[in-house]
Amino acid sequence: MVSRFSRRELAKLAGLSALGMAMPAGAAEKKGKQADLRFTPAPFPRGFVWGTATSSYQIEGAVNEDGRGPSIWDTFSHTADKIADHSNGDRANEHYHRYKEDVQLIKSLGVKAYRFSIAWPRVFPEGSGAPNPKGLDFYNRLIDELLANGIEPYATLYHWDLPQALEDRVGGWRSSDTSKAFGDYSGYVAARISDRVKNIFTLNEAGRFLNFGYGWGIDAPGLKLPTAELNQARHNVVLGHGLAVQAIRASARKGTKVGIAENIAACVPAFATPENIRATELATRELNASLLGVTLEGKYTDGFLEYSGKDAPKFTPEELKIIGSKTDFVGLNIYAPQFYIAASDKKPGWDVLPFPSSFPHMNSEWLRIGPEVIYWTPKIAAKIWNIDTIYISENGTSSEDKLRDNGKVYDLDRISFLRNYLTQLQRATAEGVPIKGYFLWSLMDNFEWIFGYEKRFGVYHVDFQTQARTPKLSAAFYRDVVAKNAIGP
Ligand code: NOJ
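Residues numbered from 1 in each chain as written. Predicted model: local features only at pLDDT ≥ 70, side-chain atom pairs only at ≥ 80, totals over all residues. Heavy atoms only, no water.

If you check the shell around the ligand, you find 13 residues, and the closest are Q58, H159, N204, E394 and E448. Between the ligand and N204 there is a distance of 2.9 Å, counted from an oxygen atom to a side-chain nitrogen or oxygen. Interatomic distance of 2.8 Å between a side-chain N/O atom of E394 and an oxygen atom of the ligand. In isolation the ligand has 300 Å² of accessible area, and contact with the protein removes 98% of it. (Near = heavy atom within 4 Å. Polar contact = N/O pair within 3.5 Å; in protein donor to acceptor, adjacent residues only side chain to side chain. Areas by Shrake-Rupley, 256 points an atom, 1.4 Å probe, with all protein chains shown as cover.)

Before going further, it helps to examine the pattern of salt bridges. With the rule as written, the count across this model stands at 26 salt bridges. In this structure, R196 and D195 form a salt bridge, with 3.1 Å as the shortest nitrogen-oxygen distance. A salt bridge links D328 to R249, with the shortest nitrogen-to-oxygen separation between them at 3.0 Å. Here D328, found in the loop between α15 (317-323) and β8 (329-333), pairs with R249, found in helix α11 (residues 227-251); they are 79 residues apart in sequence, far enough to count as distant. When its relative accessible area of 38% is taken as the criterion, R249 is described as partly exposed. Salt bridges sharing common partners tie together D401, D411, R414, D445, R456 and K472. (Salt bridge = Lys/Arg side-chain N within 4 Å of Asp/Glu carboxyl O. Helix = DSSP H or I, 4+ residues; strand = E, 2+ residues; numbered from the N terminus. Buried < 20%, exposed > 50% of the residue type's maximum accessible area, 1.4 Å probe, protein only.)

We now examine the pairing of strand β11 (residues 390-395). Among the 6 residues in β11, 6 count as buried, and that is most of the element. For β8 and β11, the ladder comprises 4 bridges, and the chain directions are parallel. Across the sheet, the residue bridging to L332 is I392, located in β11. Where β11 lies against strand β12 (residues 435-441), 4 bridges are found, and the strand directions are parallel. Note on β12: the bridge partner recorded for I390 is I435. As for the winding sense of the linkage, the β-α-β connection from β11 through helix α17 (residues 412-430) to β12 is right-handed. (Pairing = 2+ DSSP bridges. Right-handed = clockwise from strand over helix to strand, strands pointing away.)

These figures capture arrangement, not role.
Listed below in structure tokens is the structure:
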């Protein structure tokens, strides 16, 4: 084709497109017909739940107010050189005081669901023992405000802000005393909010907080446990989840739905052949065996126990029963393809392929771009664990997000990311993968853990000096998707 043009003509066309100009006048007519620019957005199922998400320590601030106890993230972020920009969550988005304004931000996206987390140390400053009623009062105010604005609250009970008192007293998740305390706290909260909150997530991203916080010393509480102890901590965490499910069932209103929100080890076939897809199923099961898998199967896989050998966790059959307590849905936090899988002739039948250094990523380096992950991972999870209700409990990206002089943020990379991921998500729902909702991370820029305020994930820009919230272009994009319940090209 290209050879049909002379060098001069090509140079002219290239120049025009560089200037953002359309085809020369008359060119379309010459082709005989105007191009038809109409398109049909691909629909999501009726009743699909559109939402957005945040977490307590990342937005609330007010860390010393109304009797809140310290959490391991207060301690960690106040430890020298742990946070890239030397910041902490002391003030964050001041959401504790600005929650009404923030509910309006949610509302103006048109979403009908909001996933937030409850700070355990606000409710039990010591982790267990005497509750602090003022702590729960805040969440009651928030829940009421959401409902008054037609937004369904989805509460998460643990988004990493473990009461420091438990870390000090029993070693945090190194001890099953923390699992028991988590069960008690969960039952206490569920009894008091389930008249209005119908969906409760137990833990958020166990895979992240265990590996980063207890294995590699990167997140709070900054420990580098040997493998056997880390596996025991994993076991205590899933035990905590199981105890929470049972406590919620025992104390919440009938019909309250409960599930975990996990950053599933997201496996994707290198390319879609039946062999690679089968290999990806096997890999998904094995690579999630110690966390999500055991909560859904009520047992550790033989592969995991064999691989762990003497480092395997110690457990009783009774504990496995608790861990495997039936849940009502599974929340999957899906950002990046973590493992590309190919079939192998050798045991165990699959290979994890290495990433080339040129693999594209978003503004956060870990956030590799692979929209197909949000198609394959829920599809495969639903199949291998027979799940009938999945929520994408988080998906989104950070972006440079410069606030321009005209007051706008043109976060075109976020829009591109979301468009591509939502296109794949729609495809999964159209094929019948039981995904019932999607929570965009995040409502607004916030404290991005070890990156402090340098990484911005919000669809609202936040000026952390003035606390001004400004919608980014992606807020308008998301509002359009939600309003249409469909994704366009
Ligand atoms: C997952 C975590 O749950 C959330 O707290 C975090 O901000 C996002 N990923 C983005 O990294």
